[in-house]
Amino acid sequence: MTVAVNEIAKHPKIVSEPKEIVYIEDKRKNEIKSIVIPARFESLLCDALKEIEYRIWLERNRGLLESGHPEILDNVVDDVGEKL
């Protein structure tokens with residue numbers, strides 16, 4: 001099912017209790033912004049979710065990784081280790 005971003009504000013149950021995969025689309029730009037997958041499929045997606053979280057972390061911390069300041073990087077790695 002594909003829904004517009006503004007439909008979620010009107011019907012939050014679409015994302016809080018999805019019965020199928022929901023594609024959230026910005027109708028003005030005609031692009032998919034998010035995909036909501038029912039939580040009952042989490043076990044099937046476990047490895048993919050870890051990879052996605054890692055890539056998001058890399059994007060957020062790319063500057064630190066390239067900065068050459070190992071003391072800052074050690075703190076970031078420790079933080080990630082606590083979350084995993």
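Residues numbered from 1 in each chain as written. Predicted model: local features only at pLDDT ≥ 70, side-chain atom pairs only at ≥ 80, totals over all residues. Heavy atoms only, no water.

> Explain the overall build of the protein here, please?
Across its full length, the protein holds 4 helices and 3 strands. Listed N to C, the secondary structure of the protein is β-α-α-β-β-α-α in terms of helices and strands. Taken across its 84 residues, the protein has 17% of its residues classed as buried. Just so you have it, the protein exposes about 7000 Å², and 54% of that area is on carbon and sulfur atoms. (Helix = DSSP H or I, 4+ residues; strand = E, 2+ residues; numbered from the N terminus. Buried < 20%, exposed > 50% of the residue type's maximum accessible area, 1.4 Å probe, protein only. Areas by Shrake-Rupley, 256 points an atom, 1.4 Å probe, with all protein chains shown as cover.)

> Before we go on, may I ask you to explain the sheet that holds strand E2 (residues 22-26) in this structure?
Either a parallel or an antiparallel arrangement is found when strands of a sheet pair, and the pairing is made through backbone hydrogen bonds. Pairing in this open sheet of 3 strands is mixed, and the strands run E1-E2-E3 from one edge to the other. Looking along the sheet, the strands with just one partner apiece sit at the ends: strand E1 (2-4) and strand E3 (31-36). Geometrically, the sheet is characterised by an average inter-axis angle of 35° between neighbouring strands, direction not taken into account. Note: E1 against E2, 3 bridges, orientation parallel. Following the sheet pairing, Ala-4 is matched in E2 by Glu-25. (Pairing = 2+ DSSP bridges. Axes fitted to C-alpha atoms, helices over the stretch in contact; angles between N-to-C directions.)

> Can you walk me through a nonpolar patch on the surface in this structure?
A surface patch of nonpolar side chains, about 630 Å² in accessible area, is lined by Ile-21, Tyr-23, Ile-32, Ile-35, Ile-37, Phe-41 and Leu-44. Tracing the chain through its elements places Leu-44 in helix H3 (residues 42-67). (Patch = residues over 30% accessible without salt bridge, like charges linked within 9 Å, V, L, I, M, F, W, Y side chains within 5 Å. Salt bridge = Lys/Arg side-chain N within 4 Å of Asp/Glu carboxyl O.)

> In this structure, what is going on with the packing of aromatic side chains? I would like to understand it.
A ring pair, where both rings are aromatic, is described by two values, the distance of the centres and the angle of the planes. Applying the stated criterion to the full structure yields 1 aromatic pair. Measuring from centroid to centroid gives 6.1 Å for Tyr-54 and Trp-57, while their planes differ by 20°, and the two rings are stacked. Taken together, the residues span about one helical turn, with Tyr-54 and Trp-57 both in helix H3 at a distance of 3 residues. You can call Tyr-54 partly exposed: its relative accessible area is 44%. The exposure class assigned to Trp-57 is buried, which follows from its relative accessible area of 17%. (Phe/Tyr/Trp six-rings, centres within 6.5 Å; stacked < 30°, edge-to-face > 60°.)

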